[in-house]
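# Chains, contacts and geometry: an overview
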Amino acid sequence: MLTLENLVLEQDDFRLTADLTVPDGARVAVIGPSGAGKSTLLSAIAGFFAPASGRILWNGQDLAPLAPGARPLSILFQDQNLFAHLTVAQNLGLGVNPSLRLTATDRAAIATALARTGLEGLADRRPGQLSGGQQSRVALARALLRARPLLLLDEPFAALGPALKAEMLAMVAKIAAEANTTVLMVSHDPADARNFAPLAILVVEGQALAPQPTAKLLDNPPPALARYLGN
Amino acid sequence: MAARLAALAVLALVLGTLGAVAWRAGGLGALQTADLGAARFTVLQALVSATLSALLAVPVARALHRRRFPGRGALISLMGAPFILPAVVAVMGLLAVFGRAGVLNDGLALLGLPRVSIYGAQGVVLAHVFFNLPLATRLLLQGWQAIPVERFRLAASLGFTPSATFSHLEGPMLRATLPGAWLAIFLVCLTSFAVALTLGGGPAATTIELAIYQAFRFDFDLARAASLGLLQVALCIAALAATTRIALPQGFGAGLDRRAVLAPPAGHVLRAQDAVAIALAAAFLIVPMAAVLARGLPAVAVLPAAVWLAAARSLAVALAATALTLALALPLALAAVRQRRFEWAGTLPLVASPLVLGTGLFLMLRPFAAPGTLALPVTVAVNAALALPFALRTLLPATRALEADYARLAASLGLTGLARLRLLILPRLARPLGFAAGLAAALSMGDLGVIALFADPAQATLPLQLYALMGAYRMADAAAAASLLMVLSFGLFWLFDRIGTHADA
């Protein structure tokens, strides 16, 4: 269970507070106007942005002392999710063991992850030789291998076309359901949020509100969200 | 932490030696009238050399920018060569063209004109222009290439004359780039030693560096050498202070641009003007080097054993200095992305000159060991320190990109320590690391500076051996040794650069 306890994020003029809980295995969209702090919120949870005050807890454990790589989560960024100079297999291997000293079991796990994400036969390619959709799958396969209980998506599929994006989100939903992974997904697209995430955290006017049913929120948006949605 | 250690090592070397020099000098009392003349000549020749190089580079860079011809790319690449060409080799080449028995004087004699001498202030300036005109040309060419091609298209569509193009497009660019290029050259010329040693001398053409050498080596007047060192450092700091107002150029100038170009300006006069600028610059660059190789290469095989031994010593020094440069530059470049003070630490050697560092190290080490036995290790340390600012400037853009592109991803995966070095840093930085290693190796291979202070003949490096051959008027052997030195310097640069390019994924 992810808990943001009296969390305050500050940078220059920017200020965001959050005091909320995300239940285990939930798929949650993080929605709100541009610049509201959606990405900053994910950055803080992932350990790239130190909170001004408050705590971020996972099952009651404070994450503050943990380095980004040691936190019980995987994060997919908007871009630069893969090392361009490493092969697909090596990029996946980093999810198993960051020093890339892999056992036979590790290699088998990598092969399974490749197969499950539809990347058979691409193990020795470099990211530059893959399509955008394939690159997203590699990043997702690595998250699958890391098998952390929390997955943060900071718009990793924003550059994909609508069909590919829907396909990727379906894949995330399937993988997350199997391992009961909690997913937080920043989204600019209300349709994505409706389809993928039963719950939504609204980030607006300096506050991240507790998760609420996505459909209800989008059907009766508060004024600030309505302005952003344009209806 | 590695970056702290590297910064401390540089600080200890530079500030320690400066401290020793200042303490030994005890003020400027030991200076003689001639030394003030040396200070004046140092500044004057640097002013003239930098101004000539920068101004002459303007027509050459403009011609290279607006004309396309076979060999253009090769010529631009070759203009990077003088930066790593050993100074003594360049002097050999200039002697072959402008010397007493050179091509120029033979031509003048044929015409019944009096001979000209390359020795003295004019020779020092000539050599400095030889080194820096190509550098300035590349820096200005980069400025020209940075003007968006759309601007030139707009100018052409509005029917701009060449002079209108100059005042609206090229003039503003030159106002922005020329001062930086000028200052970079001025800084290099300020610490000129090998050129002054071989072509200068005497009351009218002695630089401070040369005066330090003479006070040290001939008079063994350490107080005076140290006072001169303080004077040199003061000059360097004053010139560096100017860089806070005028930005030094980043990198080493333009490479090959493959962008489409607009039709060059028509007209026979402009065509002829550009052709002359390019031909003269190419001849000035190529003929001296070719003269050395033509005379020296055939005789390399029969060089005496002492020269080959010196070459082996130089190779060992160059490789050790390269390793040390990278060991200092890489951690500093990685740390400098987050904290500017590491960049400053790596740039600190610019305030010192080879001979000042050498004098300081001599003063510091004398109580512990006979200076002669330390000649090679001291040369390694000084060469590494002096190559460090260049290596750092080469690496910094790459480490900044590395940080921006991959720091978060690496952290999110827990990629740290040696695994980070092996899997991320070395593969991503292979190209600039290879280039920096090549620069450091070639600069060290050709260095005739601190080694001249310390070494006895039994420990001579190849540049020192070459200087001795020139002094003994064994010009055939000297040409052969110069050819060997040129081949080794360029070879080392080529090898390291190639390793880097190949390792780059």
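Quick look at the overall build of chain B now. Secondary structure assignment for chain B yields 20 helices and zero strands. Rg of the C-alpha trace for chain B: 23 Å, near the compact-globule value of 23 Å for 505 residues, within the 12% margin. Principal-axis analysis of the C-alpha atoms gives chain B an extent of 80 × 75 × 50 Å. Relative to its 505 residues, chain B shows a buried fraction of 54%. For chain B, the share of sequence-separated contacts (at least 6 apart) that also reach a separation of at least 24 residues comes to 84%. Of the roughly 21,200 Å² that chain B leaves accessible, carbon and sulfur atoms contribute 69%. Averaging the coordinates of the 35 positive side-chain charges in chain B and doing the same for the 17 negative ones gives two points 6 Å apart.

Further remarks concern the pairing of strand β8 (residues 182–186) of chain A. All names here are of chain A. Within β8, five of the five residues are buried, leaving the element largely enclosed by the surrounding structure. Across the two faces of β8 the burial is the same, with T182, L184 and V186 and V183 and M185 all buried. Both strand β3 (residues 27–31) and β8 contribute to a ladder of four bridges, which runs parallel. Pairing of A29 across the sheet is with M185, part of β8. By the bridge criterion, four bridges tie strand β7 (residues 150–153) to β8 in an arrangement that is parallel. For L150, the partnering residue across the bridge sits in β8 and is T182.

What follows concerns the domain arrangement of chain A. Residues and elements named next belong to chain A. Domain annotation of chain A identifies domain 1 (2–72 + 149–229) and domain 2 (84–147). Relative placement of domain 1 and domain 2: their C-alpha centres are 25 Å apart. Taken together, the 13 residues of domain 1 in the interface contact 11 residues of domain 2. Of the roughly 920 Å² buried between domain 1 and domain 2, counting both surfaces, carbon and sulfur atoms make up 66%. Three residues, M168, M171 and I175, lead the burial of domain 1 against domain 2; their summed loss comes to 42% of the area buried on that side. Applying the counting criterion to the domain 1 and domain 2 interface returns two salt bridges. In this structure, the connection of domain 1 to domain 2 is made through two residue pairs in polar contact (both at pLDDT 80 or more). Among the elements that make up the side of domain 1 that touches domain 2, the one with the highest residue count is helix α5 (residues 162–179) (seven residues).

Attention shifts here to the pattern of salt bridges. A full pass over the atoms with the stated rule returns 15 salt bridges over all chains. For A:D192, the salt bridge goes to A:K165, with nearest N and O atoms at 3.1 Å. Pair noted here: A:D192 is in helix α6 (residues 190–196) and A:K165 is in helix α5, with a separation of 27 residues, a long-range link. Residue A:D192 shares its accessibility class with A:K165, and that shared class is buried. For B:D219, the salt bridge identified is with B:R224, shortest N-O distance 3.2 Å. On the basis of relative accessibility, which here comes to 46%, the residue B:D219 falls in the partly exposed class. In this structure B:R224 comes out as buried when scored by relative accessible area, which is 9%. Three or more residues are tied together by salt bridges with common partners; here these are A:K165, A:D189 and A:D192.

To continue, consider the pairing of strand β1 (residues 2–11) of chain A. All names here are of chain A. Examined bridge by bridge, β1 and strand β2 (residues 14–22) share eight bridges and lie antiparallel to one another. The residue of β2 that forms the bridge with E10 is R15. Hairpin connection between β1 and β2: a loop of two residues separates the two successive antiparallel strands, and D12 in this loop has a positive phi of roughly 50°. Strand direction decides the pairing type here: β1 and strand β4 (residues 53–58), joined by five bridges, are antiparallel. When the sheet's bridge partners are listed, L4 is paired in β4 with I56.

Now for the packing of helix α11 (residues 222–242) of chain B against helix α15 (residues 354–365) of chain B. Residues and elements named next belong to chain B. Orientation of α11 relative to α15, taken along the N-to-C sense of each, is 140°, at an axis distance of 9 Å. With respect to their mutual orientation, α11 and α15 come out oblique. The handedness of the crossing between α11 and α15 is left-handed. Between α11 and α15, the contacting residues are L222, A225, G229, Q232 and V233 on the first element and V356, T359, F362 and L363 on the second. Broken down by class, the residue content of the contact of α11 with α15 amounts to six nonpolar, three polar and no charged.

Another point: the interface of chain A and chain B. Each partner contributes residues to the interface: chain A has 21 residues there, and chain B has 17 residues. When the buried area of chain A at its contact with chain B is split by residue, A:Q80, A:F83 and A:H85 rank highest and sum to 34% of it. Taken together, the residues of the side of chain A that touches chain B break down into 11 nonpolar, six polar and four charged.

A word on the nonpolar core. If you look at the biggest cluster of nonpolar residues, it comprises 246 residues, and the most contacted ones within it are A:L41, A:F83 and B:L466. Considering every element that reaches this core, the biggest residue donor is helix α16 (residues 375–412) of chain B, with 15 residues. Apart from the residues within four sequence positions on either side, B:L466 is in contact with B:V88, B:V89, B:M92, B:A478, B:A481, B:A482 and B:L485. Of all hydrophobic cores here, the second largest spans five residues; its members include B:I84, B:F390, B:A442 and B:F493.

Residue and element names in this part refer to chain B. Domain parsing of chain B yields domain 1 (1–30 + 303–505) and domain 2 (33–208 + 271–299). Here the C-alpha centre of domain 2 lies 26 Å away from the C-alpha centre of domain 1. At the interface, 28 residues of domain 1 touch 23 residues of domain 2. Across the domain 1 to domain 2 interface the summed buried area is about 2,200 Å²; carbon plus sulfur atoms make up 83%. Applying the counting criterion to the domain 1 and domain 2 interface returns zero salt bridges. In this structure, the connection of domain 1 to domain 2 is made through two residue pairs in polar contact (both at pLDDT 80 or more). Elements represented by at least two residues in the side of domain 1 that touches domain 2 include exactly α17 (417–445), α19 (462–471) and α20 (475–503). Broken down by element, the residue count for the side of domain 1 that touches domain 2 peaks at 13 residues, all from α20. In the side of domain 1 that touches domain 2, the residues fall into 23 nonpolar, five polar and no charged.

So, on to the confidence of the model for chain B. When pLDDT is averaged along chain B, the result is 90; 97% of the residues meet or exceed 70. Ranking the elements of chain B by mean pLDDT puts helix α7 (residues 149–157) of chain B last with 80 and helix α13 (residues 305–336) of chain B first with 96.

Criteria and thresholds
Residues numbered from 1 in each chain as written. Chains lettered and ligands numbered in written order. Predicted model: local features only at pLDDT ≥ 70, side-chain atom pairs only at ≥ 80, totals over all residues. Heavy atoms only, no water. Helix = DSSP H or I, 4+ residues; strand = E, 2+ residues; numbered from the N terminus. Rg over C-alpha atoms; globule rule 2.2 N^0.38 Å. Buried < 20%, exposed > 50% of the residue type's maximum accessible area, 1.4 Å probe, protein only. Contact = heavy atoms within 4.5 Å. Areas by Shrake-Rupley, 256 points an atom, 1.4 Å probe, with all protein chains shown as cover. Lys, Arg positive; Asp, Glu negative; His and termini not counted. Charge placed at Lys NZ, Arg CZ, Asp CG, Glu CD. Pairing = 2+ DSSP bridges. Domains from an automatic or database assignment. Buried area = accessible area lost by both parts, 1.4 Å probe. Salt bridge = Lys/Arg side-chain N within 4 Å of Asp/Glu carboxyl O. Polar contact = N/O pair within 3.5 Å; in protein donor to acceptor, adjacent residues only side chain to side chain. Axes fitted to C-alpha atoms, helices over the stretch in contact; angles between N-to-C directions. Parallel < 35°, antiparallel > 145°, perpendicular 65-115°, else oblique. Left-handed = near helix turned anticlockwise from the far one by under 90°. Nonpolar A, V, L, I, M, F, W, Y, C, P; charged D, E, K, R; others polar. Core = buried A, V, L, I, M, F, W, Y, C linked by side-chain atoms within 4.5 Å. pLDDT = per-residue confidence, 0-100.

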